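# Structural overview
Read off the chains here:
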Amino acid sequence: MSLHAIAPDGQDAHEAHAPVFVGARRTELDELLTRYPTKMAALLPALWMLQEDRGWVSPAGMNEVASVLELTPAYVQGVVTFYTMYHLHPVGKHFVQVCTTTPCNVCGAEDVVNAFLRETKCGELGVTSADGRFTVVEVECLGACGFATPVMVNDALVECVSVDSVQDLVAGLD
Amino acid sequence: MGYPHLSHGRETPVISKYFGDAEARTLAGWQARGGYEVLRQALATDPVDVQNVVKDSGLRGRGGAGFPTGVKWSFMKPDGKTHYLCINADESEPGTFKDREIMRWTPHQLVEGAAVAAHAIYAETAYIYIRGEYTEPIARVREAVREAYAAGILGANAMGSGKRVDVHVHKGAGAYICGEETALMNSLEGRRGNPRIKPPFPAVAGLFAQPTTINNVETVCAAIHVLRNGADWYKSLSSPSNPKSTGTKLFSVCGNVARPGNYEVGMGFSMKEFLWDVCGGPPPGRSFKAIIPGGSSVPILTPEECEGAVMDYEGIQAAGSLLGSGGVICFDDTQDMVRQIARLARFYAHESCAQCTQCREGTAWTTKILERIRDGQGTMKDLDTLLEIADNMTGKTICVLSDSCATPVVSGLKKFRHEFEAKIPKNRSSVMVPSFTTAAA
């Protein structure tokens, strides 16, 4: 990961970063810290707050999280890179995750992925569409196997998506 | 019940009784259905007595390992140390989606179960670790926790008992391995989700190095019903022929099947009746080719092996597989088993935490070899190599993710070897040499 990642506003991430943990967020974090005997335990929740507010986990954001939790930036980066749900770069407005693990795969999930790549004009997995609206990725088991194919669009889970329903689903996203 | 389908007459809905009933989601609705009475009584009962009822019931862990719950609780002694309860709601075993429905429909059932279990192990704090992708379950459980605090059910003086019970929801961030109990604890502590070497076992030094119990969502929910109705009632729900597997079990059914969904049946239920009647059998015009009965990490069964099996810990083992988490994955006769086993291996390769060599290398090479066989580039020797790698991946690592990858490969090769062989070009004895290196000759 480059330390010179470019933030969505086009400025250098280091310079563009305004602190996340101020005001209500700081209060929220402080309340959270009362739930655990260590500050480190609030790391995943703090990273979630960062991503909710900024859309991704930037190097500068990681530095801030490290600072408020008294951890080193390298440690925070090590943890962030272990988990798949933290975005290490900005993603499209609609982040589409299609489950293609075996139970969904046998129900045709790969065709659903291809339909999304076509309809969103992303073309390729992990690539954000030219208009910045979509990023499509394959995801490992969403835990909704009885509702194949489950698709997450940002925080919303859509059950039973089929090749035929993708066009309407994409058209319904602004 | 068989949500999203109507409940089947042969089900025994205990934990799933209120699936689909939106009123049961609220505190008022849960209390109107008898909710939190078990907690009230438990808080007034000595933890050892709570443990004993659960021990007598024969309830075993529903996360996959099947360890007796009451025995696990009894490892926690009143030693003056801070104890923790972790509820494993990281449900991520492919094919399993039962805890999701428990949390979506009856979040208070989980909160009550967690509070009861915390009391039973002398803990004041329970963390419910829910996988990050479960956005709706997280919201439902958080709301239930908020309601429970507001009503004084949780907090410094839980239900007026004078005892402190705190329940916190902790959101995961995308890692299958965090469903492994020691990885879950590391993740909760704000670390990478690498499993820990045991010993020390969690009951000795677990979360934050304190004595800890980790229970599955379904387990603590079942415990409420055991405590409400008694151990004998719980045992009466399952087949009397096997006293080792008691009560009911939620099975998640998915893949190529007429009615996918969650079904709760008594332990010892006939697998034939379950698959062909309760779940409606294969999709119209097709037949089953293979069934994975307990989540993707257990051996693959043929339909013939399923026909005579009964659905409990011992019954599925006798049929050659494991009950596991109760995630039943169905494959019909149109499926290419090589392709699907390769896809399973890819899952494990993606999810390996990579700290053990056998797993990191084994899952990656297993996937590479399976995918080249899938693509018609394999050799007969590859089949032996797969088994050799699988042998090296079994029983040699810190956790069982490595074993879990090897299991479907070994059982798949044993039962569907003809499909693998059919993909290997005849007389191919070594890996194909790319054409450009031979063009000059």
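Conventions adopted
Residues numbered from 1 in each chain as written. Chains lettered and ligands numbered in written order. Predicted model: local features only at pLDDT ≥ 70, side-chain atom pairs only at ≥ 80, totals over all residues. Heavy atoms only, no water. Domains from an automatic or database assignment. Contact = heavy atoms within 4.5 Å. Buried area = accessible area lost by both parts, 1.4 Å probe. Salt bridge = Lys/Arg side-chain N within 4 Å of Asp/Glu carboxyl O. Disulfide = S-S within 2.5 Å. Pairing = 2+ DSSP bridges. Helix = DSSP H or I, 4+ residues; strand = E, 2+ residues; numbered from the N terminus. Axes fitted to C-alpha atoms, helices over the stretch in contact; angles between N-to-C directions. Buried < 20%, exposed > 50% of the residue type's maximum accessible area, 1.4 Å probe, protein only. Phe/Tyr/Trp six-rings, centres within 6.5 Å; stacked < 30°, edge-to-face > 60°. Lys NZ or Arg CZ within 6 Å of the ring centre and 35° of its normal.

All names here are of chain B. Annotation of chain B at the domain level lists domain 1 (22-235), domain 2 (245-332) and domain 3 (337-422). The gap between the C-alpha centroids of domain 2 and domain 3 is 23 Å. With twelve residues of domain 2 at the contact, the number on the domain 3 side is 13 residues. Around 1,000 Å² of area is buried between domain 2 and domain 3 when both sides are counted, 66% of it from carbon and sulfur atoms. Across the contact surface, domain 2 and domain 3 share two salt bridges.

All right, on to the domain arrangement of chain A then. Its domain assignment divides chain A into domain 1 (13-80) and domain 2 (94-171). The gap between the C-alpha centroids of domain 1 of chain A and domain 2 of chain A is 30 Å.

We now examine the state of the cysteines. Residue and element names in this part refer to chain B. Going through the model one piece at a time under the given rule, you end up with zero disulfides over all chains. Of the cysteine sulfurs around C86, a residue in no disulfide, the closest is that of C178, at 12 Å. C178 takes part in no disulfide bond, and the closest cysteine sulfur, belonging to C353, lies 9.3 Å away.

Before going further, it helps to examine the sheet that holds strand β2 (residues 125-130) of chain B. Residue and element names in this part refer to chain B. Strand order in the open sheet formed by four strands is β3-β2-β1-β4, and the pairing between neighbours is parallel. In this open sheet, the two edge strands, each paired with only one partner strand, are β3 (166-171) and β4 (212-216). When the angles between neighbouring strand axes are averaged without regard to direction, this sheet yields 20°. Sheet analysis places strand β1 (residues 84-89) next to β2, joined by six bridges and oriented parallel.

Take the pattern of salt bridges next. Using the criterion set out here, one finds 41 salt bridges over all chains in the structure. We note a salt bridge from R343(B) to E140(A), for which the minimum N-O separation is 3.3 Å. Linking R343(B) in helix α14 (residues 337-351) with E140(A) in the loop between β2 (134-139) and β3 (151-153), this pair reaches from one chain into another. The exposure class assigned to E140(A) is buried, which follows from its relative accessible area of 12%. D332(B) is the salt-bridge partner of R286(B), the closest N and O atoms lying 2.2 Å from each other.

Attention shifts here to helix α5 (residues 98-105) of chain B. Of all the eight residues making up α5(B), eight are buried; the element is thus mostly covered by neighbouring parts of the structure. Buried within α5(B) are the following residues: K98(B), D99(B), R100(B), E101(B), I102(B), M103(B), R104(B) and W105(B).

Before going further, it helps to spend a moment on the packing of aromatic side chains. Where two aromatic rings form a pair, the distance of their centres and the angle of their planes describe that pair. For the structure on display, the rule yields 18 aromatic pairs over all chains. Centroid distance Y36(A) to Y127(B): 5.3 Å. Interplanar angle 5°. Geometry classified as stacked. Note that Y36(A) is positioned in the loop between α2 (23-33) and α3 (43-54) and Y127(B) in strand β2, a pairing that runs across two chains. Here Y36(A) falls in the buried class, since its relative accessible area comes to 6%. Under the relative-accessibility criterion, Y127(B) is labelled buried at 1%. Seen from their ring centres, W233(B) and Y234(B) are 6.2 Å apart, and the 45° between their planes marks the pair as tilted. By the ring-pair criterion, three or more aromatic residues cluster together here, those being Y36(A), Y84(B), Y127(B) and F208(B). The ring of Y18(B) carries the charged tip of R33(B) above its face, separated from the ring centre by 5.5 Å.

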